[in-house]
Amino acid sequence: GPELFKELLRVYPIAEYEDYTKGNMWKDDLMRMDLKLIYAHAREAGAPYPPALDQVKLPPGCPKAPGVSAVRPLGTALGLRPGATPIKVAGRPPV
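My aim in this report is to walk through the structure given alongside it, one point at a time. These figures come from a predicted structure and were not determined experimentally. Throughout this description, residue numbers start from 1 for each chain and increase along the sequence as written. Side-chain atom pairs in this predicted model are given and counted only at pLDDT of 80 or more, local residue features only at pLDDT of at least 70, and totals for whole chains, interfaces and linings cover all residues. Calculation of side-chain values draws on the structure's entire complement of heavy atoms; hydrogens and water are dropped beforehand.

1. What to know about the overall build of the protein
Going by this rule: Numbered from the N terminus, helices here are DSSP runs of H or I no shorter than four residues, and strands are runs of E no shorter than two. It only takes one pair of heavy atoms within 4.5 Å for two residues to be counted as in contact. In short, Shrake-Rupley with a 1.4 Å probe defines the accessible areas, and a residue's cover is counted only from the protein chains shown.
If you tally the helices and strands in the protein, you get 2 helices and 2 strands. What you see in the protein, going N to C, is helices and strands ordered as α-β-β-α. Considering only intrachain contacts with a sequence separation of at least 6, the fraction spanning at least 24 residues in the protein is 70%. Of the accessible surface of the protein, which amounts to about 7,200 Å², a share of 59% is contributed by carbon and sulfur atoms.

What follows is the structure, given as structure tokens:
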């Protein structure tokens, strides 16, 4: 999630969160793979140790915890019972 992305920003500061999210979920497996690759290359090149994690800030607009509502069954976040059809509201995307 966002903490893993922060770890990635620590070693790859030009990373964009849009590349690591899909369908309101973080792609943790992709971030872990990129982190392993970057750390391996940095170790091979003799790069200095990255800055402390507490010095790294998430970019503006970065979702703090997408996917939180994805753990619930569809509609329960809106107070609907499972199997109920949500009402379409003008100006709001359907659930």
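2. Considering the pattern of salt bridges
Put simply, the rule is: We count a salt bridge whenever a side-chain nitrogen from Lys or Arg sits within 4 Å of a carboxyl oxygen from Asp or Glu. Between buried and exposed lies partly exposed: a residue is buried under 20% and exposed over 50% of the maximum accessible area for its type, with that area taken using a 1.4 Å probe on protein chains only.
Tallied over the entire structure, the rule returns 1 salt bridge. Its salt-bridge partner being Glu7, residue Arg10 comes within 3.1 Å of it at the nearest N-O pair. Pair noted here: Arg10 and Glu7 are both in helix α1 (residues 2–11), with a separation of 3 residues, about one helical turn. Here Glu7 falls in the buried class, since its relative accessible area comes to 16%.

3. Some remarks on the nonpolar core
What counts, and what does not: Joining through side-chain atoms within 4.5 Å is the link that ties buried Ala, Val, Leu, Ile, Met, Phe, Trp, Tyr and Cys residues into a set, and such a set is a nonpolar core.
Among the nonpolar cores identified, the biggest contains 12 residues, and these are Leu4, Phe5, Leu8, Leu9, Ala15, Tyr17, Tyr20, Trp26, Met31, Leu35, Val56 and Cys62. Broken down by element, this core gets its largest block of residues, 4 residues, from α1. With residues up to four places along the chain from it excluded, the contact list for Cys62 reads Phe5, Tyr17 and Trp26.

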